[in-house]
2 protein chains.
Amino acid sequence: MQTDTRSVREKIRAAAVQLFAEMGYHAAPLRDIASLAGIQAASIYYHYPSKQALLVEIMDTHMRQLNAHLEKILAQPGSVVERLYAAIASHIRLHTTYKAEFFIIDTEIRALEGENREKILALRDEYEHLLQRLLQEGVEQGVLQPTDVKVASFAVIAMCTEVASWFRAQGRLTVQQVIDIYSQIIAQGLVRHPERKQEESERT
Amino acid sequence: MQTDTRSVREKIRAAAVQLFAEMGYHAAPLRDIASLAGIQAASIYYHYPSKQALLVEIMDTHMRQLNAHLEKILAQPGSVVERLYAAIASHIRLHTTYKAEFFIIDTEIRALEGENREKILALRDEYEHLLQRLLQEGVEQGVLQPTDVKVASFAVIAMCTEVASWFRAQGRLTVQQVIDIYSQIIAQGLVRHPERKQEESERT
DNA sequence: GTCTATATCGGGATAGAC
DNA sequence: GTCTATCCCGATATAGAC
């Protein structure tokens, strides 16, 4: 046990992350956030102009981080499939490392007021577009299945995002194991096609 | 334009569904729900004991409906793969038909108080277990890829559930098209393996 | 920078008339 | 069954001392 060296601002933010995730934005009283941070409610206003500003900062920070990681991956050399695996790994790694933060992003978009909402949604759109561009490239190259790229991007993002809801750091699986399982599901699907040659799948 | 034949209770519930979905449970004032239903806020209490009861009824109804549909599908004859396709179709069909209701189920679990939360979570667990049993059977039969059945069930449910967030009835795709696209992604994955025979996939 | 005290408001819920 | 009127509480935010 050593003394807490985080700045008050950081403590407030961490407390907000915890309570927004546990109770939801509207249900989390500023007094409780302050209490968790070890100060009085009024003191928060020296560091943040409003409760809403706290929410926006949390969402903005990690959406930008998510986008930055994906941009870096897409800019790297390597095949579409390799970059897709890297994208999946990055998404899951961030969503497990910043579990609460991304859970908030995923569930509290509605709590954003006015232009804050537009701003965060624009970042989310950007992320989706980056992934869609990769998938599109793969489909055109013929290395990915011909599919609806928009829908496929939603599917991949949804399943990888939801890891933040159920993953437990001390649970049965490591992050790497989760990444491997998801990668395989996304790449090959669930249905086994043993030595498929010419014959069609049984699907109508 | 004909007269509204829905009971007042139904109107209240429909209004609650709309506003809970649009604004979130805590952000939706009972006065607005009443106004949408064409009555005064106090009149709601003749039909429902509390705001919370309204939320519980909405969630409970549709979680039970979802489970009932899946149970029926699993009890039918047919291969695991056929039943999996039927399960996906059922999930997506319900999540697009009752888009707002399932969006609420997906985002407002935290708003449930005390034992209400346990009750709804138990229903969700039940659904997951039903799907897991099907997947497990498929893996054991060798018709599904060897995978982590729990994680696979989360992945399938997450991606199919999120359809409720983006689907628009008047949008580019019909429900059936969405079902077909998702079925293919879940079954075969995104990576193409042209005439794969013995050679391994390029994945490390 | 943090505190105490408080302004101000909107929310769910209730009482009781009709 | 639905209304009007209102209770009562907890919420964000502000004022101003220290």
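On a predicted model such as this, the values are computed, not experimentally measured, just so you know.

**A closer look at the overall build of chain A**
Here is step 1: When its secondary structure is counted, chain A shows ten helices and zero strands.
Here is step 2: Shown N-terminal to C-terminal, the secondary structure of chain A runs as helices and strands in the order α-α-α-α-α-α-α-α-α-α.
Here is step 3: Expressed as lengths along the three principal axes of its C-alpha atoms, the size of chain A is roughly 70 × 40 × 35 Å.
Here is step 4: The burial tally for chain A puts 50% of its 204 residues in the buried class.
Here is step 5: Excluding contacts between residues fewer than 6 apart, the proportion of contacts in chain A whose partners are at least 24 apart in sequence is 68%.
Here is step 6: Entry remark: accessible area of chain A is about 10200 Å², with carbon and sulfur atoms responsible for 50%.

**Considerations on the protein's contact with DNA strand C**
Here is step 1: The local shell around DNA strand C holds 15 residues, among which A:Gln40, A:Ser43, A:His47, B:Tyr45 and B:Lys51 are the closest.
Here is step 2: Sugar plus phosphate, as a fraction of atoms of DNA strand C within 4 Å of the protein: 57%.
Here is step 3: Take A:Ser43: an N or O atom from its side chain is 2.5 Å from a phosphate oxygen of DNA strand C.
Here is step 4: In the environment of DNA strand C, a phosphate oxygen lies 3.4 Å from a nitrogen or oxygen atom belonging to the backbone of B:Ala28.
Here is step 5: Of the residues belonging to the surface near DNA strand C, the class tally is nine nonpolar, four polar and two charged.

**Here's the deal with helix H10 (residues 175-188) of chain A**
Here is step 1: Here H10(A) spans 20 Å end to end across 14 residues, near enough to the 20 Å set by a 1.5 Å rise per residue.
Here is step 2: Among the residues of H10(A), A:Val178, A:Ile179, A:Ile181, A:Tyr182, A:Ser183, A:Ile185, A:Ile186, A:Ala187 and A:Gln188 are the ones counted as buried.
Here is step 3: In this structure, the buried residues of H10(A) make contact with helix H5 (80-97), helix H8 (149-161) and helix H9 (163-166) of chain A together with helix H8 (149-161) and helix H10 (175-188) of chain B.

**What about the pattern of salt bridges?**
Think of it this way: side chains of opposite charge can pair up when their charged atoms draw near.
Here is step 1: Inspection of every chain in the model, using the stated rule, returns 15 salt bridges over all chains.
Here is step 2: For A:Asp148, the salt bridge identified is with B:Arg172, shortest N-O distance 2.7 Å. Here A:Asp148, found in the loop between helix H7 (115-141) and H8, pairs with B:Arg172, found in the loop between helix H9 (163-166) and H10, and the two come from separate chains.
Here is step 3: Taking the relative accessible area as the measure of exposure, B:Arg172 reaches 55% and is therefore exposed.
Here is step 4: In the salt-bridge network here, residues are joined through shared partners; they are A:Arg9, A:Arg13 and A:Glu57.

**Notes on the protein's contact with DNA strand D**
Here is step 1: Lining the immediate environment of DNA strand D, one finds 16 residues, of which A:Arg31, A:Tyr45, B:Gln40, B:Ser43 and B:His47 sit closest.
Here is step 2: Backbone sugar and phosphate groups make up 60% of those atoms of DNA strand D lying within 4 Å of the protein.
Here is step 3: In this structure, a phosphate oxygen belonging to DNA strand D sits 2.7 Å away from a side-chain N or O atom of A:Tyr45.
Here is step 4: The contact in question runs from a phosphate oxygen of DNA strand D to an N or O atom on the side chain of B:His47, over 2.6 Å.
Here is step 5: Elements that contribute at least two residues to the surface near DNA strand D include exactly helix H2 (30-37) and helix H3 (41-47) of chain A together with helix H3 (41-47) of chain B.

**Description of the environment of B:Lys150**
Here is step 1: Structurally, the position occupied by B:Lys150 is in helix H8.
Here is step 2: A residue is classified by how much of its surface remains accessible, and B:Lys150, at 39% relative accessible area, is partly exposed.
Here is step 3: As a C-alpha pair, B:Lys150 and B:Arg168 span 18 residues in sequence and 30 Å in three-dimensional space.
Here is step 4: Excluding residues within four positions of it along the chain, B:Lys150 makes contact with A:Arg172 and B:Gln132.

**Here we look at the interface of chain B and chain A**
Here is step 1: With 52 residues of chain B at the interface, the matching set in chain A holds 52 residues.
Here is step 2: The salt bridge partner of A:Arg110 is B:Glu108, with a shortest N-O separation of 2.8 Å.
Here is step 3: Run the count over chain B and chain A and you get 20 residue pairs in polar contact (both at pLDDT 80 or more).
Here is step 4: Of all elements in the fold, only helix H1 (8-23), helix H5 (80-97), helix H6 (99-107), helix H7 (115-141), H8 and H10 of chain B reach the threshold of two or more residues within the side of chain B that touches chain A.
Here is step 5: No other element matches H10(B), which puts nine residues into the side of chain B that touches chain A.
Here is step 6: Partitioning the side of chain B that touches chain A into residue classes produces 27 nonpolar, twelve polar and 13 charged.

**Side note on the domain arrangement of chain A**
Residue and element names in this part refer to chain A.
Here is step 1: Taken domain by domain, chain A holds domain 1 (1-48) and domain 2 (51-193).
Here is step 2: Using only C-alpha atoms to locate each centre, domain 1 and domain 2 end up separated by 28 Å.
Here is step 3: Taking both partners together, domain 1 and domain 2 bury about 1400 Å²; carbon and sulfur atoms supply 68% of that area.
Here is step 4: The interface formed by domain 1 and domain 2 holds two salt bridges in total.
Here is step 5: For the salt bridge of Glu57 with Arg13, the shortest nitrogen-to-oxygen distance reads 2.9 Å.
Here is step 6: At seven residues, helix H1 (residues 8-23) tops the list of elements feeding residues into the side of domain 1 that touches domain 2.

Cut-offs applied
- Residues numbered from 1 in each chain as written.
- Chains lettered and ligands numbered in written order.
- Predicted model: local features only at pLDDT ≥ 70, side-chain atom pairs only at ≥ 80, totals over all residues.
- Heavy atoms only, no water.
- Helix = DSSP H or I, 4+ residues; strand = E, 2+ residues; numbered from the N terminus.
- Buried < 20%, exposed > 50% of the residue type's maximum accessible area, 1.4 Å probe, protein only.
- Contact = heavy atoms within 4.5 Å.
- Areas by Shrake-Rupley, 256 points an atom, 1.4 Å probe, with all protein chains shown as cover.
- Near = heavy atom within 4 Å.
- Polar contact = N/O pair within 3.5 Å; in protein donor to acceptor, adjacent residues only side chain to side chain.
- Nonpolar A, V, L, I, M, F, W, Y, C, P; charged D, E, K, R; others polar.
- Expected span 1.5 Å × (residues − 1).
- Salt bridge = Lys/Arg side-chain N within 4 Å of Asp/Glu carboxyl O.
- Domains from an automatic or database assignment.
- Buried area = accessible area lost by both parts, 1.4 Å probe.

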